[in-house]
Amino acid sequence: QLVESGGGLVQAGGSLRLSCAASGRTFSFDTMGWFRLAPGKEREFVAANRWSGDITYYADSVKGRFTISRDNAKNTVYLQMNSLKPEDTAVYYCVGRNFGNSSSWSDYRYWGQGTQVTVSS
């Protein structure tokens, strides 16, 4: 089970930190990451962290503004979002994958319920 927290309303230029805790597992996901879904748009890959190799991946739209990190001891992944823009408004979903990275939603079998991020102009 993946449970997100930390969403909310923020003004453009502000920051938010999302958290996602995985429970009910005896081992960590190899890859944990984030997707987002905005009204009228397709679900979009945002960022991912692969534990094996400690590799991070970002969508071009968030590079330099968002930072993904994880604490394997706590089975938790974080998304620090800075310099937020109105176009970042979306429901953000945490995802987990047992092995390998992917930027395709269909490759993930585990996801959370989502947390709303709203950026006002």
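Note: the structure precedes this text.
Residues numbered from 1 in each chain as written. Predicted model: local features only at pLDDT ≥ 70, side-chain atom pairs only at ≥ 80, totals over all residues. Heavy atoms only, no water.

Topic: the state of the cysteines
Here's step 1: For the structure on display, the rule yields one disulfide.
Here's step 2: Between the sulfur atoms of Cys20 and its disulfide mate Cys94 the distance is 2.0 Å. Measuring handedness by torsion sign, the sulfur bridge of Cys20 and Cys94 sits at about -80 degrees and is left-handed. Highlighted residues: Cys20 in strand E3 (residues 16-22) and Cys94 in strand E9 (residues 90-97), separated in sequence by 74 residues.
Here's step 3: Here Cys94 falls in the buried class, since its relative accessible area comes to 0%. (Disulfide = S-S within 2.5 Å. Helix = DSSP H or I, 4+ residues; strand = E, 2+ residues; numbered from the N terminus. Buried < 20%, exposed > 50% of the residue type's maximum accessible area, 1.4 Å probe, protein only.)

Some points on the pairing of E3
Here's step 1: For E3, a buried count of five out of seven residues is recorded, marking the element as mostly surrounded by other parts of the structure.
Here's step 2: Across four bridges, strand E1 (residues 2-5) lies against E3 in antiparallel orientation. Counted as the bridge partner of Val3 is Ala21 from E3.
Here's step 3: Sheet topology note: the E3/strand E8 (residues 76-81) ladder contains six bridges and is antiparallel. Its bridge partner lying in E8, Arg17 is registered against Gln80. (Pairing = 2+ DSSP bridges.)

Considerations on the side chain of Asp30
Here's step 1: Within the secondary structure layout, Asp30 lies in the loop between E3 and strand E4 (31-37).
Here's step 2: At a separation of 2.8 Å, a polar atom in the side chain of Asp30 contacts the main-chain amide nitrogen of Gly100.
Here's step 3: Residue contacts for Asp30: discarding those within four places in its chain leaves Asn49, Arg50, Trp51, Ser52, Arg70, Arg97, Asn98, Phe99 and Gly100. (Polar contact = N/O pair within 3.5 Å; in protein donor to acceptor, adjacent residues only side chain to side chain. Contact = heavy atoms within 4.5 Å.)

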